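An overview of the molecular structure
Single-letter residue listing:
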Amino acid sequence: MSGHGTISLWTARDEIESRAFEPRIDAGPEGSIPGFRHFLQSPLQPPTAAQQCEPTDAQQPEPTEAQRFAIDGVPFDPKCSDQRQQAENLMKKLAGIIEVEPKPGAREQFNDWIPSGYTYFLQLIAHDLVESSLFLSRSEGSVLGLSNVRSKPLRLETIFGGGPIQCPFAYNEDKSGFRNRLRLGEVRKDGKFYTGNTDDLRDIARARATEVLGENSYPEALIADGRNDSHAILSQIVVMFHHLQNQLLESLDDNPKICPTGSHLVNAQRKFVAGQSACALIYRSIIRNDILSKILHPGVFAEYESGRITVLDPPQGLDTGTWLVPLEFSFGFFRFGHAMIRSVYSFNPRTEISEYRGLGLPLILEHTSEKNAGLMPFEEFWTIDWQRFFGSDPATTNFSVPIGPWSRLDIEGAARGQDTNEPGLTFRDLTSSIATQPWSVRALAERLSPTHGKLLQLSPFLRGPLDTPKAPPWYADISRWLSERRSAPETGQHLDDNDIRILATDPPIPFFARFEAGLDPGIAGKHLGVLTSIVVADVFYGIFQHDRLLDIDGNWDLAAQLRRLSEILFDGKPDAFSGAENVTTVERLIDFLGARIEFPTGG
């Protein structure tokens, strides 16, 4: 987590920052950072003809600077040093309040609707949507060269990378000599040096350069996206997808109905494309049927899933090879997962929280090839029994923390790592969001009101007039909540009345997203609130509908998609992926992989 790239107000400075936010040839449609754009349109530009939606533009107000996030009524400009200092101070105060809510020592409450595995599945999805070219939180002021280099969204590029040619280290050879199988690593026995041949393939592949390193350590994670070894839970979720691809390829090898082409290399390449495409279709089906059904507001999910709501903001950049990620989504609304992090997790029966206090977040974040190469590969003690992360048994399942404007000091400290001068997770989220000069929450809600008005009325914080910047409908609720928590001695932060007025008038997106989920009594942190759900749903359903893998309709069910994929790649034969048609949830994925990922021994 501490290595995640962000746009922060320490690292986006002065001359360099000014250049980064000016229009450039390689930038997106509004002169933004390459690979990014604003949701719907720039809050400073009128909509294009293609962006117009019902009702007519006569009823759509022209965008003005008043639609941008503002501090005390002044649209925020990160190039202005005075504004930046004011914003930094205000966000530090707000983060300091959030970091100690609920109060330390209070019993941690959990959300039995969302097991904790989904927290980290969402992190994998985030990596599959955005691959930043720089880690801005560690770039000491330079934002030059920042871009999103993810070419296509939700195609498991974070797992497959650019394929065997671009990422050969992530793949094993098959008998044809073509590298088409994602690598897997062997787990070692507890307390034993790695000697290989355990046949328990439940770790990612790890390696060491023997000419460089004489010691017994394995610092190189042989995966396509190094961020996926950022902690011990995420790397094991990656293992599931490596096993999925391997299992699909094995089933293709064993299928007598698939006629070979006469070339071992062509056969291997064709099966690689088939396996990769099938994995992506299964992954999208899990996101649609399982992930979104859990995290979205039920009213929003029902409207988008049924098609009664039309996607307002279809994905852009798909035809040029680099899709443009909405800034408000990536740096704002989709940061809600940070609220769901627990302090302690039980990985398996040997790490019961009641007996061993489980595995704490700092240990989990340090258990990687980069941070602790000498502890790699994983010992059995560190392997996951997946029912503890995706199950439903109250006695053993790690349920997530309810979504809301709260964190823990130990979580914030774990995200900082050993450098105590680094910002915490909450502060980074807040400053990253406002540095992108996003829509204000009020203006965005007003913009969505003509098409999503009935949904907005489901939220107690969005009912009422949205056309008055100084009196948004949530003002009293946020003011009250902040006033009750205005001081946090643990972090040394205090909000005065003026701070509270400014934050309640124009809340930063990450804060509002967590507030509307956690403080709506009808939700109580179980899932996202209405506005966040609308933006998240619009992005995901836009991808499902407009980014077609091999021209396969994203609205078909998984069985129909896999059948069509089989016909396209295997001479009209429809059943190359028989047995995988029902893998539409994480639980079914776990069942499908079976003994391969089963605790205590996989295969």
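Below, the structure is looked at part by part. All figures in this text were calculated on a predicted structure; none of them were measured in a lab. (Residues numbered from 1 in each chain as written. Predicted model: local features only at pLDDT ≥ 70, side-chain atom pairs only at ≥ 80, totals over all residues. Heavy atoms only, no water.)

**Description of the overall build of the chain**
Spelled out, the test is: Put simply, DSSP marks the helices as runs of H or I at least four residues long and the strands as runs of E at least two long, and each gets a number from the N terminus on. Each residue gets one of three labels from its accessible area relative to the maximum for its type: buried under 20%, exposed over 50%, partly exposed in between, using a 1.4 Å probe on protein chains only. By definition, residues are in contact when any of their heavy atoms lie within 4.5 Å. Note on areas: these come from Shrake-Rupley sampling with a 1.4 Å probe, and a residue is covered only by the protein chains present in the view.
In terms of helices and strands, the chain carries 20 helices and 14 strands. In the chain, buried positions account for 59% of the 603 residues. Counting contacts in the chain only where the partners sit at least 6 residues apart, residues at least 24 apart contribute 72% of the total. Here the chain has roughly 23,600 Å² of accessible surface; of this, 50% comes from carbon and sulfur atoms.

**Examining the packing of aromatic side chains**
For clarity, the cut-off: Two aromatic rings, drawn from Phe, Tyr or Trp (for Trp, its six-membered ring), form a pair once their centres lie within 6.5 Å of each other, and the interplanar angle then sorts them: stacked below 30 degrees, edge-to-face above 60, tilted otherwise.
Taken as a whole and assessed by the stated rule, the structure comprises 26 aromatic pairs. Ring plane angle 90° and centroid distance 5.8 Å describe the contact between phenylalanine 241 and tyrosine 283, whose orientation is recorded as edge-to-face. Taken together, the residues span a long stretch of sequence, with phenylalanine 241 in helix α5 (residues 234-253) and tyrosine 283 in helix α6 (residues 264-295) at a distance of 42 residues. On the basis of an interplanar angle of 40° and a centroid distance of 6.0 Å, the ring pair of tryptophan 386 and phenylalanine 390 is categorised as tilted. By the burial criterion, tryptophan 386 is buried, and phenylalanine 390 matches it.

**Here's the deal with the pairing of strand β6 (residues 179-182)**
Let me state the cut-off plainly: Should DSSP find at least two bridges between two strands, the strands are regarded as paired.
Where strand β5 (residues 171-173) lies against β6, three bridges are found, and the strand directions are antiparallel. Pairing of glutamate 173 across the sheet is with arginine 179, part of β6. What sits between β5 and β6 in their antiparallel hairpin is a turn of five residues, with glycine 177 showing a positive phi close to 95°.

**Focus: the pattern of salt bridges**
Just so we agree on the cut-off: Should a side-chain nitrogen of Lys or Arg be within 4 Å of a carboxyl oxygen of Asp or Glu, the pair is scored as a salt bridge.
Using the criterion set out here, one finds 31 salt bridges in the structure. In this structure, the salt-bridge partner of aspartate 225 is arginine 150, at a minimum N-O distance of 3.5 Å. Here the residue aspartate 225 occupies a position in the loop between β8 (220-221) and α5, and arginine 150 occupies one in the loop between α3 (117-129) and α4 (157-160), the gap between them amounting to 75 residues. You can call arginine 150 buried: its relative accessible area is 2%. Here glutamate 305 and arginine 288 are joined by a salt bridge, their closest N and O atoms 3.0 Å apart. With glutamate 305 in helix α7 (residues 298-306) and arginine 288 in helix α6, this pair connects stretches of sequence that are 17 residues apart. The exposure class assigned to glutamate 305 is partly exposed, which follows from its relative accessible area of 31%. A single salt-bridge network, built from bridges that share partners, covers Glu131, Arg150, Glu157, Asp225 and Arg227.

**Quick word on the packing of α3 against α5**
For clarity, the cut-off: In this description, a line fitted to the C-alpha atoms serves as the axis of each element, helices being fitted only across the stretch in contact, and the angle between N-to-C directions of two axes falls anywhere from 0 to 180 degrees. Our angle categories are set so that under 35 degrees counts as roughly parallel, over 145 as roughly antiparallel, 65 to 115 as roughly perpendicular, and the remainder as oblique. Put simply, Ala, Val, Leu, Ile, Met, Phe, Trp, Tyr, Cys and Pro go in the nonpolar bin, Asp, Glu, Lys and Arg in the charged bin, and everything else, Gly too, in the polar bin.
Closest axis-to-axis distance for the α3/α5 pair is 10 Å, and the angle between their directions is 75°. As the angle between them shows, α3 and α5 are arranged roughly perpendicular. Contacts between α3 and α5 involve Gly117, Tyr120, Phe121, Gln123, Leu124 and His127 from the first element and Leu234, Ile237, Val238 and Phe241 from the second. Its residues assigned to classes, the contact of α3 with α5 shows seven nonpolar, three polar and no charged.

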